[in-house]
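Survey of secondary and tertiary structure
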Amino acid sequence: IRSIDQVTAAEWDGLVAAQCEVNPFLKWAFLHALEASKSAVPEEGWGPHHVTVRDAGSGQLLGAAPMYLKGHSYGEYVFDSSWANYSHMMGKRYYPKLQVCVPFTPVTGNRLLVQPGPLAPTVLKALAQTLVSITDELRVSSLHVTFPTGEEWAALGALGFQQRRGIQYHWENRGYSSFEDFLADLKQSKRKSIRQERKSIAKQGLAVRRVAGSEVTAAQWDTFHSFYQATVDKKWGSAYLTREFWHMLGSEMGDEVMLVVAEQEGQTVAAALNLVGSACVYGRNWGSIGGREFKNLHFEVCYYQAIEEAIARGLPRVEAGAQGEHKLQRGYLPNFTHSAHYLPDPTMRAAVGKFLAREEAQLQYTWQALTLEGSPFKQDKTLEYFVDKMSSYSSLSSLSSLSSSDEADSAHASLPGTSRDITGA
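Let us look at the structure shown here. The structure displayed is predicted, hence computed values, not measured ones.

1. Concerning the environment of Thr 146
Within the secondary structure layout, Thr 146 lies in strand S7 (residues 143-146). Among the residues examined, Thr 146 registers a relative accessible area of 2% and is labelled buried. Among all residues touching Thr 146, those that are not within four sequence positions of it are Val 78, Gln 99, Val 100, Cys 101, Arg 111, His 338 and Ser 339.

2. With respect to the sheet that holds strand S10 (residues 257-264)
Reading across from one edge, S1-S4-S5-S7-S14-S8-S13-S12-S11-S10-S9 is the order of the 11 strands in this open sheet, with mixed pairing throughout. Across the chains shown, the open sheet's two edge strands, defined by having one partner strand only, are strand S1 (46-48) and strand S9 (206-212). On average, each strand axis in the sheet is inclined to that of its neighbour by 30°, with strand direction left out of account. Here S1 pairs with strand S4 (residues 67-70) via 3 bridges, running antiparallel. Bridging from a neighbouring strand, Pro 48 pairs with Tyr 68 of S4.

3. A short note on the sheet that holds strand S6 (residues 113-114)
Taken in spatial order, the 3 strands make up an open sheet running S2-S3-S6, and their pairing is antiparallel. Of all the strands in the sheet, the pair left with one neighbour each is strand S2 (51-54) and S6. Pairing of strand S3 (residues 61-65) with S6, which is carried by 2 bridges, proceeds in the antiparallel orientation. Within S6, the position partnered with Gly 63 by the bridge is Val 114. Packed onto the sheet, helix H1 (residues 9-17) meets S2, S3 and S6 and runs at close to 85° relative to S3.

4. Focus on the environment of Tyr 95
Tracing the chain through its elements places Tyr 95 in the loop between helix H3 (81-89) and strand S5 (97-100). Relative accessible area serves as the criterion here: at 24%, Tyr 95 is assigned to the partly exposed category. It is 7.0 Å that separates the C-alpha atoms of Tyr 95 and Lys 70, two residues lying 25 residues apart in sequence. When sequence neighbours within four positions are dropped, the list of residues in contact with Tyr 95 reads Lys 70, Gly 71, His 72, Ser 73, Ala 84 and His 88.

5. Overview of a nonpolar patch on the surface
On the surface, a cluster of nonpolar side chains totalling about 320 Å² of accessible area is made up of Tyr 86, Met 89 and Met 90. Structurally, Met 90 is set in the loop between H3 and S5.

6. Describing unusual backbone geometry
Each neighbour pair has its own omega, and for Tyr 95 with Pro 96 the value is 5°, a cis peptide bond. On the secondary structure map, Pro 96 appears in the loop between H3 and S5. Of note in this structure, Phe 147 is not a glycine but carries a positive phi near 60°. Looking at the secondary structure, you find Phe 147 in the loop between S7 and helix H5 (150-158). One non-glycine residue, Glu 265, adopts positive backbone phi at about 55°. Mapped onto the elements of the fold, Glu 265 is located in the loop between S10 and strand S11 (267-276).

7. A word on the pattern of salt bridges
Enumeration according to the criterion identifies 20 salt bridges in this entry. In this structure, Glu 256 engages Lys 27 in a salt bridge whose closest nitrogen and oxygen atoms are separated by 2.6 Å. Residue Glu 256 is found in the loop between helix H9 (243-252) and S10, and its partner Lys 27 is found in the loop between H1 and helix H2 (28-36); the two are separated by 229 residues along the sequence. The class for Lys 27 is partly exposed, based on a relative accessible area of 21%.

The rules behind each value
Residues numbered from 1 in each chain as written. Predicted model: local features only at pLDDT ≥ 70, side-chain atom pairs only at ≥ 80, totals over all residues. Heavy atoms only, no water. Helix = DSSP H or I, 4+ residues; strand = E, 2+ residues; numbered from the N terminus. Buried < 20%, exposed > 50% of the residue type's maximum accessible area, 1.4 Å probe, protein only. Contact = heavy atoms within 4.5 Å. Pairing = 2+ DSSP bridges. Axes fitted to C-alpha atoms, helices over the stretch in contact; angles between N-to-C directions. Patch = residues over 30% accessible without salt bridge, like charges linked within 9 Å, V, L, I, M, F, W, Y side chains within 5 Å. Areas by Shrake-Rupley, 256 points an atom, 1.4 Å probe, with all protein chains shown as cover. Salt bridge = Lys/Arg side-chain N within 4 Å of Asp/Glu carboxyl O.

The following block contains the structure:
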């Protein structure tokens with residue numbers, strides 16, 4: 001379907017609510033705001049091509065996937081520019097491609113929305129095979145499923161998709177009753193550093209508060225948009241999200257939106273946008289007033305306030321967006337993120353396979369080094385985290401058939417698509 005409007009909000013959100021965790025970015029209102037605000041539309045290189053699976057008799061929506069036909073690789077946070085360059089060198093076109101994702105949102109969540117029950121594995125497999133069939137029918141270069149859950153990643157790997165991982169920094173709630181309770185788990189030097197950072201906010205005459213999305217005024221959203229644009233300009237990036245998007249987000253998802261606002265002498269000088277799900281506070285965009293610098297304000301507004309909100313709500317996690325090793329010293333530890341890729345062309349597939357093998361070896365080393373050597377937590381807490389994560393990641397890997405290139409080729413051969421050469425414009 002070419003617009004989220006072609007599915008009712010009740011149907012789509014019924015699938016979202018049925019998942020293990022309710023992720024606000026997957027809700028109909030969020031995807032609709034992206035399209036209706038002209039943020040994720042064909043003119044911007046994001047052509048909605050959402051996929052639905054319905055019961056042939058009743059018409060009930062059994063599965064769905066948010067998918068886009070893309071003319072570039074911007075706004076994805078899983079970087080494939082080297083793949084595109086190699087494809088062009090080989091005289092093969094890389095764009096357009098298909099992307100199963102939430103645009104501009106590096107947040108893990110279900111990408112293959114399936115109604116739980118005895119038919120769930122069958123529907124998931126049918127949905128994955130449908131995505132492959134669409135890729136072949138459209139004769140595009142590739143299909144990319146970015147930031148799926150670990151379980152989806154393993155299932156797609158078993159079906160023949162090439163697997164990739166990345167690293168993000170997440171905070172985990174170990175039953176803390178307060179921010180001080182969290183600090184007690186850190187090394188003494190790290191506790192002291194964080195306390196000093198937080199004290200510096202008041203010394204600069206700054207006041208920070210958390211505001212529910214339903215309470216954010218139109219003027220505040222306009223101010224936030226100006227902060228967002230200033231951040232983009234500072235990083236030489238592109239402003240993907242329009243002014244209208246923020247207004248729609250606040251009006252349609254107010255209960256799931258939290259804006260952290262910093263003020264000085266009554267003037268808003270910085271703000272950070274968060275969305276709140278059933279198990280996580282998700283930090284997304286941040287910005288501050290141009291031409292002024294405030295020491296440690298970014299850490300307070302983006303990281304510490306989100307931790308306090310998660311503790312207050314009893315939520316298990318805070319995910320503060322992509323990249324940023326500076327998060328590590330503030331209690332956000334490295335976690336793997338996932339993506340799965342279908343490239344029908346055998347030459348491209350082989351080249352990408354070699355790339356992924358090299359990347360994965362380096363990634364595993366980096367994750368272990370960051371966890372064991374960079375953790376701000378006391379040694380017993382760090383080792384407890386490390387062992388727990390190793391067990392979780394090993395379980396996921398064992399569910400996938402892609403432990404070797406031979407197995408990968410065998411699994412790929414089982415996909416419904418046929419290998420073909422992609423050349424020309």
